[in-house]
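Examination of the molecular architecture
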Amino acid sequence: MTLQPHLIRRLWLAIKAPLDGPLMLFLGLIFALSLVVLYSANNQGLDKIDNKLVYTLLSLTIMWLLARSRPQSIMNFAPPIYGIGVVLLLAVHFKGVTVNGSTRWLELGITRIQPSEIMKIALPMMLAWFFQKYELSMRWWHYLVAAVMIAIPCALVLKQPDLGTTMLIAASGFFVLFFVGLPWKVILGGMVAAGASMPVVWNMLHDYQRRRVMTMIDPMEDPLGAGYHIIQSMIAIGSGGPWGKGWLNGTQTHLDYIPERTTDFIFAVYSEEFGLIGNIVLVILYTLVLSRAMMITAGAQTLYGRAMAGAITLSFFVYAFVNMGMVAGILPVVGVPLPFVSYGGTATVTLFVGMGMLMSIGNARR
């Protein structure tokens, strides 16, 4: 009996040893907020809470295993993970599940996965591995090979069609290129080329994608059609005021005016019930996560570590910014979840995998 407290203490120390304390604290607070808002968004139902807890427990286990692994060991899995991700995207094209006109999911019997979420981690892993391998002999053509690596999954996801996720995957790849030293003249040239190609890209977009852009500019043009969702979310955010209507008291939420309120538009539910003050708290928590992640990136000892940590950090920022901007009506509506808050199994696992890799890179300095 006298050994029991000692064994418990040793077990606790072994569990927390690979974890980054500040990062876990900030993520834990965000997760607690997510359970509170999800309970309200789901009309006080516990089914999605239960599912989120299961996926989070699985995600934390994977995160812990990654955090206690050496970055070099994780890096060696980049090619097979990238290859599996591409194969799964091809499987979606032939055997995918179609929901609301988009074929983005694979049915695996016990669960449904979204392979495009996997590529948000697999692509930067592959690129960071590639540039680490050729760090001492890097040439201009290495960037062309990297561009092909980015183009393959982006083309497959765009085919689903899923423009928002395509842009996020492409962004994660660009972040790796930025951190491995892509010349500024190439970046600026790419920006100019991207701007010049906008008319061509516009003509290539699907009709619903063009409507989303036009709806962002003027949602009142079609208030009962394409503009309905964004108008309702903006009403919810505005009606929250400084202090919010209170937990479980959101009228837009509980009268079913807010679309996809447990996933993409959960920020509207949160804003309505917790107001501006609640939004400030959430933004501060996100900022603290980003600050800690940037500290880990700055201290990375290898090119792979710096590129991977930087890509994870900036991708996290983009996810939060795009979701909040989308719900607030300043960006087009795309399928981007709010990190660690929105309901979604594959997205939750992907985010925690990224955090586990960050912790692994941070632990390499010890």
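Computed from a prediction, not measured in an experiment: that's the story for all the values here. (Residues numbered from 1 in each chain as written. Predicted model: local features only at pLDDT ≥ 70, side-chain atom pairs only at ≥ 80, totals over all residues. Heavy atoms only, no water.)

Attention now goes to the overall build of the chain. Scanning the chain from terminus to terminus reveals 16 helices and three strands. In terms of overall dimensions, the chain is globule-like: its C-alpha atoms have a radius of gyration of 21 Å, near the 21 Å expected for 366 residues. With the principal axes as the frame, the chain shows a C-alpha extent of 65 × 55 × 40 Å. When the 366 residues of the chain are sorted by exposure, 48% land in the buried category. Residue pairs in contact within the chain that sit at least 24 positions apart in sequence constitute 72% of those at least 6 positions apart. Put simply, the chain shows about 17900 Å² of open surface, and 70% of that area lies on carbon and sulfur atoms. With 24 positive and 16 negative side-chain charges, the chain shows a separation of 16 Å between the mean positions of the two kinds. (Helix = DSSP H or I, 4+ residues; strand = E, 2+ residues; numbered from the N terminus. Rg over C-alpha atoms; globule rule 2.2 N^0.38 Å. Buried < 20%, exposed > 50% of the residue type's maximum accessible area, 1.4 Å probe, protein only. Contact = heavy atoms within 4.5 Å. Areas by Shrake-Rupley, 256 points an atom, 1.4 Å probe, with all protein chains shown as cover. Lys, Arg positive; Asp, Glu negative; His and termini not counted. Charge placed at Lys NZ, Arg CZ, Asp CG, Glu CD.)

Our next topic: the confidence of the model for the chain. When pLDDT is averaged across the chain, the result is 87; 94% of the residues are at 70 or more. Model confidence for the chain, summarised as mean pLDDT per element, is weakest for helix H11 (residues 207–217) at 70 and strongest for helix H14 (residues 266–298) at 95. (pLDDT = per-residue confidence, 0-100.)

It is the contact of helix H6 (residues 115–133) with helix H15 (residues 303–328), at a shortest axis distance of 9 Å, that shows an interaxial angle of 155°. One element, H6, and the other, H15, form an angle in the roughly antiparallel class. Every pair of crossing elements has a handedness; the one defined by H6 and H15 is right-handed. Taking contact as the criterion, the partners of Lys-120, Ile-121, Pro-124, Met-125, Ala-128, Trp-129, Phe-131 and Gln-132 in H6 are, on H15, Leu-303, Tyr-304, Ala-307, Met-308, Ala-311 and Tyr-319. Looking at the contact of H6 with H15 residue by residue, the classes come out as twelve nonpolar, one polar and one charged. (Axes fitted to C-alpha atoms, helices over the stretch in contact; angles between N-to-C directions. Parallel < 35°, antiparallel > 145°, perpendicular 65-115°, else oblique. Left-handed = near helix turned anticlockwise from the far one by under 90°. Nonpolar A, V, L, I, M, F, W, Y, C, P; charged D, E, K, R; others polar.)

Turning our eyes to something else, we now look at the packing of helix H7 (residues 140–158) against helix H8 (residues 163–179). Running from amino to carboxyl end, H7 crosses H8 at an angle of 165°, the nearest separation of the two axes being 8 Å. One finds that H7 runs roughly antiparallel with respect to H8. The chirality of how H7 crosses H8 is right-handed. Residue-level inspection shows Tyr-143, Ala-146, Ile-150, Cys-154, Val-157 and Leu-158 of H7 in contact with H8, the latter providing Leu-163, Thr-165, Thr-166, Ile-169, Ala-170, Gly-173, Phe-174 and Leu-177. Broken down by class, the residue content of the contact of H7 with H8 amounts to eleven nonpolar, three polar and no charged.

Another point: the domain arrangement of the chain. For the chain, the assigned domains are domain 1 (30–61 + 219–366) and domain 2 (74–205). Each of domain 1 and domain 2 was reduced to a C-alpha centroid, and the two centroids are 22 Å apart. The partner domain 2 presents 27 residues to the 25 residues of domain 1 that form the contact. Among the residues of domain 1 in contact with domain 2, Leu-303, Tyr-304 and Thr-346 are the three that bury the most area, contributing 28% of the side total. The interface formed by domain 1 and domain 2 holds zero salt bridges in total. Only H15 and helix H16 (345–363) provide two or more residues apiece to the side of domain 1 that touches domain 2. Top element by residues in the side of domain 1 that touches domain 2 is H15. It accounts for eleven residues. In the side of domain 1 that touches domain 2, the residues fall into 14 nonpolar, nine polar and two charged. (Domains from an automatic or database assignment. Buried area = accessible area lost by both parts, 1.4 Å probe. Salt bridge = Lys/Arg side-chain N within 4 Å of Asp/Glu carboxyl O.)

Moving on, we get to the pairing of strand S2 (residues 102–107). In terms of burial, S2 is largely enclosed, as five of its six residues are buried. Relative to S2, strand S1 (residues 97–99) is paired through three bridges, and the arrangement is antiparallel. Bridge pairing in S2 places Thr-98 opposite Thr-103. As defined by bridge partners, S2 adjoins strand S3 (residues 112–113) across two bridges and the pair is classed as antiparallel. The residue bridging Leu-106 from the neighbouring strand is Ile-113, located in S3. (Pairing = 2+ DSSP bridges.)

Taking strand neighbours across the sheet as the criterion, the three strands line up as S1-S2-S3 in an open arrangement whose pairing is antiparallel. Every other strand in the sheet has two partners, leaving S1 and S3 as the edge strands with one partner each. Contacting S1, S2 and S3, helix H5 (residues 78–95) runs over the sheet at an angle of about 110° to S2.

With respect to the helices and strands, the residue Leu-248 is situated in the loop between helix H12 (228–240) and helix H13 (251–254). For the pair formed by Leu-248 and Val-327, sequence separation is 79 residues and the distance between their alpha carbons is 20 Å. Those residues in contact with Leu-248 that sit more than four places away from it in its chain are Tyr-39, Ser-40, Gln-44, His-254 and Glu-273.

If you check the backbone angles, Asn-43 has positive phi at about 55° while not being a glycine. Along the chain, the position of Asn-43 falls in the loop between helix H2 (21–41) and helix H3 (47–67). Positive phi values are uncommon outside glycine, yet Leu-248 reaches one of about 75°. You can call Leu-248 partly exposed: its relative accessible area is 24%.

For the coordinates displayed, the defined rule picks out twelve aromatic pairs. Judged by centre distance (4.9 Å) and plane angle (75°), the rings of Phe-340 and Phe-352 are edge-to-face. Placement of Phe-340 in the loop between H15 and H16 and of Phe-352 in helix H16 is noted, with a sequence separation of twelve residues between them. For the pair Phe-340 and Phe-352, one class covers both residues: buried. Site record: aromatic cluster; members linked through ring pairs are Phe-130, Phe-131, Tyr-134, Trp-141 and Tyr-143. (Phe/Tyr/Trp six-rings, centres within 6.5 Å; stacked < 30°, edge-to-face > 60°.)

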